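What follows is each chain in one-letter form.
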Amino acid sequence: MRRILAAVVAVLLINIFSVRAQTTVDMLYFEARAGLGFNLDADGTPHAGPSVDYLNFHMAGHLSPTVSYRLRQRFTKPLYSPDYPLNGTDFLWLDWAPSDKWHFSAGKLPVLLGGFEWDTAPIDVYYWSGFCNHVAEVYALGTQAFWSPVEGHTFSFQATQSPWSRGTWDCFAYNLGWTGRIAPWWKTIWTVNYMEDVLHGGMQYISLGNRFEAGRMALELDWTDREAIHRQQRSLTDMTFIGRLVYDAGNWNVFLKGGYDVNDALNASPDGVAFDYNYPAGLEYIYAGGGLEYFPLGNRNLRVHFFLMTDNLQKALCTQAGLTWRFHIIDKP
């Protein structure tokens, strides 16, 4: 893994210095999301208060005609430990695109795991599946290659630190993906993954993200099956299913979202250690909710949102009304 990463970085550096570099900044902006929340516990106890959910800094540009860079720093995400100082950095990579069909990246990358919830920027997700709520690191150090043989279809290979590693060494993830369309109305994000964890176990994932579009309506259906490698586990006993229905009414979006996560209590070793390091054995999570978004300026620079949701674990009714805004410093067309 470290040899592969070093080789890709070397190729990127050779390409940078072989072409006279002229660094440009194409995009530079801040974005934030804040809201006023109200929760009603199962026993009727109310809780209310403001929160700042996200404050992000974005920068992207070029070092040469074929080499670009990308940075997203999240200031509302604390460091996990002093040994992992990039914990608050979502994106930090160099990308080399030698042709229209190939490009290669190295740095801190979003781990390639299928599904539209996983692929969506966190600032645009108001409540998460149980699986995503348990992930230690959605972004990890590594390298990736993308191949686009025809327009609208991209195949990818990625090798990164495992998202279950918590910054430790010798713990990797290997991911294959396809992003494309089966039909004009059917978009896909499908992946096959092998994830290691700090206990030196391995999990194989099959993740199928699907988006069906019909006029102003869109239905996203994500399904992930998780199987323990070389350990006895019944099929379809550790999985996640997510459904999201969206109606786009111009400056308004209305959505419904719910899901089901389960990991059977039998998916553990005799000493009680769960096969799945990320999602505990014996946990079943059911949640549902909905909300609306309003874009008063007719663009993404200002958004008003409201949502409510509940689940089977906390059994509370959670609501929030809030704002998302973006302040552009540089925004080249």
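Treat the numbers as computed from the prediction; the structure is a model and nothing was measured.

Caption draft 1: Seen up close, the overall build of the chain. Scanning the chain for helices and strands turns up three helices and 16 strands. Since a compact globule built from 333 residues should have a radius of gyration of about 20 Å, the 21 Å found for the chain is in line with a globular shape. Taking the principal axes of its C-alpha atoms as reference, the chain extends roughly 65 × 55 × 45 Å. Classification of the 333 residues of the chain by burial places 45% in the buried group. At a minimum sequence separation of 6, the contacts of the chain that also span at least 24 residues come to 53%. Of the roughly 16800 Å² of accessible surface on the chain, a fraction of 64% belongs to carbon and sulfur atoms. Counting 25 positive and 32 negative side-chain charges, the chain places the averaged centre of each group 6 Å from the other.

Caption draft 2: Inspection of the pattern of salt bridges at higher detail. In this structure the tally under the stated criterion is 18 salt bridges. Put simply, R74 and D90 hold a salt bridge, and the shortest N to O gap is 3.1 Å. Of this pair, R74 sits in strand β3 (residues 67-74) while D90 sits in strand β4 (residues 89-96), and the two are 16 residues apart along the sequence. Overall, D90 belongs to the buried group, its relative accessible area being 1%. Note that E117 and K257 form a salt bridge whose closest N and O atoms lie 2.7 Å from each other. Placement of E117 in helix α2 (residues 116-119) and of K257 in strand β13 (residues 252-263) is noted, with a sequence separation of 140 residues between them. Of the two residues, E117 and K257, both sit in the buried class. The network of salt bridges with shared partners includes E31, D124, E293, R300, R303 and R326.

Caption draft 3: Structural context of the confidence of the model for the chain. The predicted model of the chain has a mean per-residue pLDDT of 91, with 92% of residues at 70 or higher. Below a pLDDT of 50 lies the segment residues 16-21, which in the model reaches seven contacts outside its immediate sequence neighbourhood of four places, other chains included.

Caption draft 4: Fine view of the pairing of strand β6 (residues 139-150). For strand β5 (residues 102-110) and β6, the ladder comprises nine bridges, and the chain directions are antiparallel. Across the sheet, residue H103 finds its bridge partner in β6, namely F146. Here β6 pairs with strand β7 (residues 153-161) via seven bridges, running antiparallel. The residue bridging G142 from the neighbouring strand is T160, located in β7. Between β6 and β7, which follow one another and run antiparallel, lie two residues, and G152 among them has a positive phi close to 90 degrees.

Caption draft 5: Representation of the environment of N133. Mapped onto the secondary structure, N133 falls in helix α3 (residues 130-133). In this structure the C-alpha to C-alpha distance between N133 and Y279, which are 146 residues apart in sequence, comes to 9.3 Å.

Caption draft 6: Up close: the nonpolar core. Among the nonpolar cores identified, the biggest contains 14 residues, and L113, W118, F131, W164, M195 and Y205 are the most heavily contacted of them. Residues in contact with M195, not counting those within four places in the same chain, are V111, L113, P163, W164, F172, A173, N175, G201, G202, M203 and Y205. Counting residues in each nonpolar core, the second largest holds 13 residues, with Y126, F255, Y279 and L283 among its members.

Caption draft 7: Expanded view of the packing of aromatic side chains. According to the stated counting rule, one finds 21 aromatic pairs in the structure shown. With centroids separated by 5.6 Å and ring planes inclined at 75 degrees, the aromatic side chains of F91 and Y139 adopt a geometry described as edge-to-face. In this pair, F91 is assigned in strand β4 and Y139 in strand β6, connecting sequence segments 48 residues apart. Like F91, the residue Y139 is buried in the burial classification.

Caption draft 8: Molecular detail of the side chain of Q233. In this fold, Q233 is placed in the loop between β11 (217-228) and β12 (238-248). We classify Q233 as buried; its relative accessible area is 14%. For Q233, the side chain forms a polar contact with the main-chain oxygen of R226, separated by 2.8 Å. Sequence-distant contacts of Q233, defined by excluding residues within four places in its chain, comprise R226, E227, A228, D238, N267 and F275.

Caption draft 9: Structural context of the side chain of E220. By the secondary structure assignment, E220 is in strand β11. Here R211 takes part through its side chain, which lies 2.6 Å from a polar atom of the side chain of E220. The residues contacting E220, other than those within four sequence positions of it, are F116, N210, R211, I242, G243 and R244.

Calculation rules
Residues numbered from 1 in each chain as written. Predicted model: local features only at pLDDT ≥ 70, side-chain atom pairs only at ≥ 80, totals over all residues. Heavy atoms only, no water. Helix = DSSP H or I, 4+ residues; strand = E, 2+ residues; numbered from the N terminus. Rg over C-alpha atoms; globule rule 2.2 N^0.38 Å. Buried < 20%, exposed > 50% of the residue type's maximum accessible area, 1.4 Å probe, protein only. Contact = heavy atoms within 4.5 Å. Areas by Shrake-Rupley, 256 points an atom, 1.4 Å probe, with all protein chains shown as cover. Lys, Arg positive; Asp, Glu negative; His and termini not counted. Charge placed at Lys NZ, Arg CZ, Asp CG, Glu CD. Salt bridge = Lys/Arg side-chain N within 4 Å of Asp/Glu carboxyl O. pLDDT = per-residue confidence, 0-100. Pairing = 2+ DSSP bridges. Core = buried A, V, L, I, M, F, W, Y, C linked by side-chain atoms within 4.5 Å. Phe/Tyr/Trp six-rings, centres within 6.5 Å; stacked < 30°, edge-to-face > 60°. Polar contact = N/O pair within 3.5 Å; in protein donor to acceptor, adjacent residues only side chain to side chain.

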